[in-house]
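# Coordinates in review
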Amino acid sequence: MCGIIGVVGGGSLAKQLTDGLRRLEYRGYDSAGIVITLPGGEMQRMRAANGKNSLADLESESQSLASADILSGIGHTRWATHGGPTLPNAHPHYDCSERLAVIQNGIVENFAELKGQLIERGHSFTSETDTEVISHLLEEEMNTGITLLEAVKIASHRMRGAMSFVAISLDAPGVLIGFKRMAPMILGTNGKQWFIASDIPAILDQASTFYHLEDDSVVSVSKDGVEVFAEDGTRAEMTEFIVDWTLESAEKAGFEDFMSKEIFEQPAALRDTLAGRLRSSGEIELDETSISNDALARINKVFIVACGTSYHAGMVAKYAIEHWTKMPVELDISSEFRYRDPVVDERTLVVAVSQSGETLDTLAALHEAKNLGAQTIAVCNVVGSSMARLADSVLYTRAGPEVGVAATKTHTAQIGALLLLALKLSRIKGQLYPNEIDDIYHELVEIPGKIEEVLEKWDFIRSVAQVFSERDRFYFIGRHVGFPVALEGALKLKEISYLPAEGYPAGELKHGPIAMLDKNAVVIAMASKTRLFEKIVSNIEEVRARDSAVIVIGNHGSESIIKEGEYFIEVPQVHPLLAPLVDVVPLQIFAYHMARIHGEDVDRPRNLAKTVTVE
Ligand code: AGP
C-alpha cells in the first residue's frame, strides 16, 4: 500500500524523504518518487519504477541533491491500484503547469468521471492514475486566484473515496497541504521541521512529537507550524499522541529478517498484551471505552469482522465467547459484512479485529456497524489508528511494530486480547464466576512461557520442512479451535512460500477434499488433547489410507499416534480454548522455513501489502 512522507523546514530534505520511504518499505511498493522545492522557484521531481529496486534507484539519483538547500519536499512509495507499476504512474503527479505536485494513498473513486470533465476543459494527463486527477483539480481551483490551501478545501468535496494526499505548489513552496479521509495520515515535528506521513515509522527517528488528524481534515504545514481545518472549513484541533516505539524496535535486532524476529517476539508481545488487564475484582479493562458495563450487559449478540490472519483470530474468539458467555457470535470477512445486510442493532456488539487498524474493508465494516447503531470495539495494534478512533472502545494488542508482511506476533496478541474480551463479557453476563475468570486469566499469562518451549523446536521444524520441501500440496486439518489454526497455517504457507495450501475442518475432509489426497500431498494435523482428540486421530487414519504424508502437532504422550515416516511436533498441553496461542507457532515456523528453503523473501512476499487500504 502506498506510503507518504512530506517535510518542510529546510535542510537536507532529500535524504530525509528517502530515509522515511525506506522505513515504509513494509507497506509494499512497486515504484517510488519525490518532489522537492528549491529557493528561486524551482521544483524538481525524481521517480523510479523498478519494482523492489525503485527505492535504491531513487536514493542514488537523489544523491545529487545532498548539498542542495531545499525548502520542502514530498515522497511516495506506490503500490499500484489504478494503472500499472510504470514510471508515468509513479507519484508525485504534476498538474499541466508542473508548478504543483501531489502524492496520494487511497483511491479517488469518481476519478474517471472527474478526469473526463477535466480533459473536456483542456487538461492533459500523463498517467493512468486517479491521483493525477487531484493535481488537475487543484490547478483548476488555483487558476481562479485562490491559494493551494483553499483549493484543497474545495477540491476535497468533489472527490469520493478513502484517501489521504499531500500537495505542494511553487506559489508557496514552504507550505505542504494535506487532506485525510479514511486513510492514515499523521503529523510530527522536531521543533525545526514539520512532517506529514502515512505511518509512524516514516518519521519515527526524525520527529519527537506526533499528532493525529481527524477524518476530512485539511492541514497546512510550514516551518512555522500547522493549521488544521475541519470539513466545513472551520479551524480544528489535532491531537498529540505518544509514540513509545523506538527505531531499534522497528529494526531486525540481529535476526535475518523481520518475520523470524517477530516470531521470537511472541512471548513478549503476548505478555505485554495481557499485562495488568485483570483487576482484583475480576474486571477486565479495555484501553479506551465509552461503552459502560451496563450497555455491555444489554448486548445479546456479538459480531466479529476482520480480514486474513485477523479473521482467524476472530474465529478463535467466536468459540471462546460462545462457550464463556452463551451469546451467539457471528463472524464475517469484513468485505462481505457491509454488502450483505447484516442483522445488527443497538444490542449487537461489533468487534473489528485488525493489526493495522487501517484495513479499509474492516474500517468500512466498522463504519457500517456504527451506522446500524451497534456498540463497537476495535482490537488493533496501532495506537490511534483509524479504527481505534472510530470505535466506541479499543482493546490494543501491545505487540509493537510488525514489519513482516505475514502477521505472526500480532496474531497471537490478537487472540490473547480477544480471549480477555471474552472473559470480560462472560463476567458481565454472569456466566463465569470471578474465580473462574481468575483461573483462566492465570492460565493465559502462563502461555508466553509455553510459546517459548515451542520456539526451541525451531531447528527441528526446519528439518521437517526440509523433508517435505519438494512436495507440492499441503493440507492443514483441525477441529474446534484447531480449525482456525489450520486455516492460519495454510495462509502463512501460501503467503510466503507460494505453495498450494488449504485449511479444513478435519471432519469435512470426507465431504470432498479427501479426493485431493495422494502420495504427493502433505497433511498437517492439529491434534492437541481435547475431547475431539480421538476424532482427529480417525481423520489422520483417513489421510494415511490415501498414502499422504502426515505431520502431527500434538501434546506430550500422543507421540504414538504417528507411524513410521511421519513427524510429530510436540507442543505443550494447555486449556483447549487457549491452545491456538501455542499450536499456531509451529505452523508459522514451518511456513517460514519452507519459504527460506525455497529462497523466498519472507518479509516482502510478492503481490502482498502489509496494510491494505483499498477496497
Ligand atoms: C497476514 O499475514 C496478512 N498479511 C493479511 O491476511 C492480514 O492479516 C489482513 O490483510 C488484515 O490486516 P489487518 O490485521 O491489518 O486488518
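Residues numbered from 1 in each chain as written. Predicted model: local features only at pLDDT ≥ 70, side-chain atom pairs only at ≥ 80, totals over all residues. Heavy atoms only, no water.

A few words now on the overall build of the chain. Across its full length, the chain carries 18 helices and 26 strands. Since a compact globule built from 615 residues should have a radius of gyration of about 25 Å, the 25 Å found for the chain is in line with a globular shape. Expressed as lengths along the three principal axes of its C-alpha atoms, the size of the chain is roughly 80 × 55 × 45 Å. Considering the chain as a whole, with its 615 residues, one finds that 61% of them fall into the buried category. Restricting the contact set of the chain to residue pairs at least 6 apart, pairs at least 24 apart contribute 72%. Split by element, the accessible area of the chain, about 22600 Å² in all, is 48% carbon and sulfur. Positive and negative charge centroids in the chain, built from 58 and 86 side chains respectively, lie 3 Å apart. (Helix = DSSP H or I, 4+ residues; strand = E, 2+ residues; numbered from the N terminus. Rg over C-alpha atoms; globule rule 2.2 N^0.38 Å. Buried < 20%, exposed > 50% of the residue type's maximum accessible area, 1.4 Å probe, protein only. Contact = heavy atoms within 4.5 Å. Areas by Shrake-Rupley, 256 points an atom, 1.4 Å probe, with all protein chains shown as cover. Lys, Arg positive; Asp, Glu negative; His and termini not counted. Charge placed at Lys NZ, Arg CZ, Asp CG, Glu CD.)

Along any regular strand, the residues point their side chains to alternate faces of the sheet. Burial analysis of strand S22 (residues 473-478) places six of its six residues in the buried class, the great majority of the element. A two-sided burial pattern is seen for S22, the buried positions comprising Arg473, Tyr475 and Ile477 on one face and Phe474, Phe476 and Gly478 on the other. Pairing of S22 with strand S24 (residues 521-527) involves five bridges; the strand directions are parallel. Residue Tyr475 lies in a different strand from S24, and its bridge partner there is Val523. Pairing analysis gives five bridges linking S22 to strand S23 (residues 501-505), with the strands arranged parallel. (Pairing = 2+ DSSP bridges.)

Read from one edge of the open sheet, seven strands run S5-S6-S7-S8-S12-S13-S14, paired in antiparallel fashion. This sheet does not close on itself; its edge strands, each paired only once, are strand S5 (93-94) and strand S14 (235-236). Packing against the sheet, helix H4 (residues 131-142) makes contact with S5, strand S6 (100-106) and strand S7 (163-169), and its axis sits at approximately 135° to S6. Along the sheet face, helix H5 (residues 148-156) touches S6, S7, strand S8 (175-181), strand S12 (217-222) and strand S13 (225-229) and points at about 15° away from the line of S8. (Axes fitted to C-alpha atoms, helices over the stretch in contact; angles between N-to-C directions.)

What follows covers the site of the ligand. The local shell around the ligand holds 13 residues, among which Ser310, Ser354, Gln355, Ser356 and Thr359 are the closest. Here an oxygen atom of the ligand sits 2.6 Å away from a polar atom, N or O, in the side chain of Ser354. Here an oxygen atom of the ligand sits 2.6 Å away from a polar atom, N or O, in the side chain of Ser356. Considered on its own, the ligand offers 410 Å² of accessible surface; in the complex 91% of this is hidden by protein. Elements represented by at least two residues in the shell around the ligand include exactly helix H9 (308-325) and helix H16 (482-497). Among the elements that make up the shell around the ligand, the one with the highest residue count is H9 (three residues). (Near = heavy atom within 4 Å. Polar contact = N/O pair within 3.5 Å; in protein donor to acceptor, adjacent residues only side chain to side chain.)

All right, on to helix H11 (residues 360-371) then. Given a rise of 1.5 Å per residue, 12 residues ought to cover 16 Å, and the 16 Å separating the end C-alpha atoms of H11 matches this to within 8%. Of all the residues in H11, the buried ones are Leu360, Asp361, Thr362, Leu363, Ala364, Ala365, Leu366 and Ala369. Contacts from the buried residues of H11 go to strand S17 (301-306), helix H10 (334-337), strand S19 (348-354), strand S20 (375-380) and helix H12 (386-390). Directly beyond the C-terminal end of H11, a positive phi value near 90° is found at Gly373. (Expected span 1.5 Å × (residues − 1).)

Counting 91 residues, the largest nonpolar core has Trp324, Phe474 and Phe590 as its most contacted members. Ranked by the residues each element gives to this core, the list is headed by helix H18 (residues 579-597), at 12 residues. Residues lining this core come from more than one domain, with at least three contributed by each of domain 2 (264-445) and domain 3 (454-597). Beyond its immediate stretch of four places on either side in the chain, Trp324 contacts Leu419, Ala422, Leu423, Ser426, Gln431, Leu432, Ile440, His575, Leu577 and Leu578. If you look at the next biggest cluster of nonpolar residues, it comprises 30 residues, including Val7, Ile200, Ala202 and Val382. (Core = buried A, V, L, I, M, F, W, Y, C linked by side-chain atoms within 4.5 Å. Domains from an automatic or database assignment.)

A few words on the domain arrangement of the chain. Per the domain assignment, the segments of the chain are domain 1 (3-243), domain 2 (264-445) and domain 3 (454-597). Roughly 2000 Å² of surface becomes buried between domain 2 and domain 3 when both sides are summed, with 77% attributable to carbon and sulfur atoms. Looking at the side of domain 2 facing domain 3, the largest losses of area belong to Phe264, His312 and Tyr319, adding up to 29% of the total buried there. The interface formed by domain 2 and domain 3 contains zero salt bridges. Taken together, the connections running from domain 2 to domain 3 amount to six residue pairs in polar contact (both at pLDDT 80 or more). Within the residue set of the side of domain 2 that touches domain 3, elements represented by two or more residues are helix H7 (266-274), H9, helix H13 (409-428) and helix H14 (434-455). (Buried area = accessible area lost by both parts, 1.4 Å probe. Salt bridge = Lys/Arg side-chain N within 4 Å of Asp/Glu carboxyl O.)

This part covers the packing of aromatic side chains. Per the stated rule, a full pass over the model turns up 10 aromatic pairs. Taken together, a centroid distance of 5.6 Å and an interplanar angle of 85° make the contact between Phe468 and Tyr567 edge-to-face. A residue pair is termed long-range when its members are at least 10 positions apart, and Phe468 in the loop between helix H15 (458-467) and S22 and Tyr567 in strand S26 (residues 567-570) qualify at 99 residues. For Tyr567, a relative accessible area of 25% corresponds to the partly exposed category. Members of the aromatic cluster, joined through ring pairs, are Phe255, Phe264, Trp458 and Tyr592. Across from the ring centre of Phe229, 3.8 Å away, lies the NZ or CZ of Lys153, which sits over that ring. Of note, Arg606 hangs over the ring of Tyr498, and the distance from its end group to the ring centre comes to 3.8 Å. (Phe/Tyr/Trp six-rings, centres within 6.5 Å; stacked < 30°, edge-to-face > 60°. Lys NZ or Arg CZ within 6 Å of the ring centre and 35° of its normal.)

Attention shifts here to the sheet that holds S22. Adjacent strands of a sheet pair through backbone hydrogen bonds, lying either parallel or antiparallel. Ordered by their spatial adjacency, five strands build an open sheet running S23-S22-S24-S25-S26, and the pairing between neighbours is parallel. The open sheet has two edge strands with one neighbour each: S23 and S26. The mean inter-strand angle of the sheet, taken between neighbouring strand axes irrespective of direction, is 20°. Sitting on the sheet, H15 is in contact with strand S25 (549-554) and S26, with an inclination near 155° to S26. Taken strand by strand, H16 contacts S22, S23 and S24, and its axis lies near 175° from that of S23.

Moving on, we come to the side chain of Thr613. Looking at the secondary structure, you find Thr613 in the segment after H18. Within the structure, Thr613 has its side chain in polar contact with the side chain of Asn105 (distance 3.4 Å).

Our next topic: H13. With 20 residues, H13 extends 29 Å between its outermost C-alpha atoms, agreeing within 8% with the 28 Å of an ideal straight helix rising 1.5 Å per residue. For H13, the tally of buried residues reaches 18 of 20 residues, placing the bulk of the element in the interior. Once H13 finishes, Gly430 follows within two positions and takes phi at roughly 70°, a positive value.

A few words on empty space enclosed by the protein. All told, the structure shown has four cavities of 30 Å³ or more when counted by the stated rule. A volume near 130 Å³ is recorded for the second largest cavity. Residue lining of the second largest cavity: 14 residues in total, with Arg479, Gly482, Met526, Ser528 and Thr530 positioned closest to the centre. Breaking the lining of the second largest cavity down by element, the ones donating at least two residues are H16, S24 and H18. In terms of residue count, H18 provides more of the lining of the second largest cavity than any other element does, three residues in total. Among the residues making up the lining of the second largest cavity, the classes are represented as eight nonpolar, four polar and two charged. (1 Å grid on protein atoms, 1.4 Å probe; cavity = no way out; pocket = protein on both sides within 12 Å on 5 of 7 lines; lining within 4 Å. Points joined across faces, edges and corners; volume = space filled by probe spheres on them. Nonpolar A, V, L, I, M, F, W, Y, C, P; charged D, E, K, R; others polar.)

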